[in-house]
Amino acid sequence: MRVPFFDLKAQYAAVRDEIGRAITEVYDSQQFILGPQVRRIEQEIARYCGVSHAVGVSSGTDALLLALMALDIGPGDEVITTPYTFIATAGSIARSGARPVFVDIDPTRFTIDPWLAADRITERTRAILPVHLFGRCAEMESIRTLAVQHRLAVIEDAAQAIGAEDEYGRRAGGIGLLGCFSFYPTKNLGGFGDGGMVVTSDPSLASTLTALRNHGSSTKYLHTLLGGNFRLDELQAAILTIKFQYLDRWTEQRINNAKQYDALFRNEGLERRIQLPDIPKKERHVFNQYVVRTPEREALSHFLESREIGHDVYYPVPLHLQPCFEYLGYKEGDMPISEQAAKEALALPIYPDLTSSMLEYVVDAVKAFYGQ
Ligand SMILES: *Cc1c(COP(=O)(O)O)cnc(C)c1O
């Protein structure tokens, strides 16, 4: 058997006709930029996240950059974030002109440790940017408390976490001041290309974001702000609207896959050999990735390779050690928990259409690896 790490084809087969019709509708209208499709998906995502406003943008990366721009964060400012994430998180902070300040993670959640964050707040800190990594919310209540005490904005990087809920049932993206989503094809809600969204319940930030994504203009050819072209296409919006109707079903399949892995690994006693991800009871972890940990990561990875089982490493190099952030002056040993995670983390296939026999095949392979 071959188990791909990710397979979009099965999902596409289920929505192919509906998407075909939606695309034809856009073709027939010949309206490609900022039209009814974008407005519709914005309304649906806003409602889904429990916020009043959503602004469709060109990618998750651009969502983060726009959120920072809307708050007028730039040179001289500091933004606290995690080093254990995709480059776009801290990359956007640096591109805004502000300085990323890294804070190590909680070892079981893989998300920013709010207690460590408290120690890194200075008079230059403007915002805290937690990442809901792999689909599980960061500890938002502690982060919010910290933000209120120090008058900081909370920007959520919810790129991997659409539909996730914290222990109070609050939806990812709608908990902080601003929430950022990505519709990159492998995210839980993925388009046919790039796309993203910023959500907020602050109407004045929403209108700033709306202006900024379209060259800082709310009246044609009058530019009150310096923005750019950060727009979501009508075509992507039409596709996302169709796929969005299936999001909760697909998410439940991901959660079920995680539960199946958990039961199968425990049946074999493998939880003593690899550290399994938590399946929280009160929170909704949407499992964009199912990440196990083991000190034998490299050997296990080669073994899975030989059995044609797709897998990946998120993330092999934490951001404080990336060459592009050398100027920040971090060194190895500064973020020990993230550095350890970078050596041990291994993502297994978890996509919604993964079959039970594929899941069993993956678990059998891990068992065979440890039985050798
Ligand atoms: C995917 C991702 C992004 C960037 O999204 P794009 O749409 O690819 O630009 C940002 N942050 C995290 C945590 C991501 O996983």
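Note that the structure is predicted; figures quoted are calculated from it, not measured.

All right, on to the domain arrangement of the chain then. Once the domains are mapped, the chain shows domain 1 (8-244) and domain 2 (247-370). Taken together, the contact pairs 46 residues of domain 1 with 36 residues of domain 2. Buried surface at the junction of domain 1 and domain 2, both sides included, amounts to about 3,600 Å², of which 58% is carbon and sulfur. For the interface between domain 1 and domain 2, the tally reads three salt bridges. A salt bridge links Arg 109 to Glu 283, with the shortest nitrogen-to-oxygen separation between them at 2.8 Å. The tally of links from domain 1 across to domain 2 stands at 25 residue pairs in polar contact (both at pLDDT 80 or more). Those elements giving two or more residues to the side of domain 1 that touches domain 2 turn out to be helix H1 (9-29), helix H4 (87-96), strand E3 (99-102) and helix H8 (234-244). Split into classes, the residues belonging to the side of domain 1 that touches domain 2 amount to 24 nonpolar, ten polar and twelve charged.

Counted under the stated rule, the structure contains 19 salt bridges. Between Arg 284 and Asp 248 there is a salt bridge whose closest N-O contact spans 3.2 Å. Linking Arg 284 in the loop between helix H9 (247-267) and strand E10 (290-293) with Asp 248 in helix H9, this pair joins segments that are 36 residues apart in sequence. A relative accessible area of 12% means that Arg 284 is categorised as buried. Note on Asp 248: relative accessible area 33%, which makes it partly exposed. What emerges from the salt-bridge pattern is a single network uniting Arg 109, Arg 136, Asp 278 and Glu 283.

The next thing to look at is the state of the cysteines. Each disulfide consists of one covalent bond between the sulfur atoms belonging to two cysteines. In the structure shown here, the tally under the stated rule is zero disulfides. We note that Cys 49 lacks a disulfide partner, and the nearest cysteine sulfur, in Cys 137, lies 11 Å from it. A residue is classified by how much of its surface remains accessible, and Cys 49, at 4% relative accessible area, is buried. Cys 324 takes part in no disulfide bond, and the closest cysteine sulfur, belonging to Cys 180, lies 19 Å away.

Take the pairing of strand E1 (residues 53-57) next. Taken across its five residues, E1 has four buried, putting it largely inside the fold. In terms of strand pairing, E1 meets strand E7 (residues 196-200) through five bridges, oriented antiparallel. Bridged to His 53 within E7 is Thr 200.

Before going further, it helps to spend a moment on the site of the ligand. Near the ligand lie 15 residues; those nearest to it are Gly 60, Thr 61, Asp 157, Ser 182 and Lys 187. Within the backbone of Gly 60, a nitrogen or oxygen atom sits 2.8 Å from an oxygen atom of the ligand. A distance of 2.5 Å is found between an oxygen atom of the ligand and a side-chain nitrogen or oxygen belonging to Thr 61. Within the complex, 93% of the 380 Å² of free accessible area of the ligand lies under protein. Listed by contribution, the elements that provide at least two residues to the shell around the ligand are helix H3 (60-70) and H4.

Attention now goes to the packing of H1 against H8. Each pair of packed helices can be described by the angle between their axes along with the distance between the axes. For the pair H1 and H8, the least separation of the axes is 9 Å and the interaxial angle reads 140°. Between H1 and H8, the crossing angle belongs to the class labelled oblique. Where H1 crosses over H8, the handedness of that crossing is right-handed. Residues Gln 11, Val 15, Glu 18, Ile 19, Ala 22, Ile 23, Val 26 and Tyr 27 of H1 lie in contact with H8, whose contacting residues are Glu 234, Leu 235, Ala 238, Ile 239, Ile 242 and Lys 243.

Rules used in this analysis
Residues numbered from 1 in each chain as written. Predicted model: local features only at pLDDT ≥ 70, side-chain atom pairs only at ≥ 80, totals over all residues. Heavy atoms only, no water. Domains from an automatic or database assignment. Contact = heavy atoms within 4.5 Å. Buried area = accessible area lost by both parts, 1.4 Å probe. Salt bridge = Lys/Arg side-chain N within 4 Å of Asp/Glu carboxyl O. Polar contact = N/O pair within 3.5 Å; in protein donor to acceptor, adjacent residues only side chain to side chain. Helix = DSSP H or I, 4+ residues; strand = E, 2+ residues; numbered from the N terminus. Nonpolar A, V, L, I, M, F, W, Y, C, P; charged D, E, K, R; others polar. Buried < 20%, exposed > 50% of the residue type's maximum accessible area, 1.4 Å probe, protein only. Disulfide = S-S within 2.5 Å. Pairing = 2+ DSSP bridges. Near = heavy atom within 4 Å. Areas by Shrake-Rupley, 256 points an atom, 1.4 Å probe, with all protein chains shown as cover. Axes fitted to C-alpha atoms, helices over the stretch in contact; angles between N-to-C directions. Parallel < 35°, antiparallel > 145°, perpendicular 65-115°, else oblique. Left-handed = near helix turned anticlockwise from the far one by under 90°.

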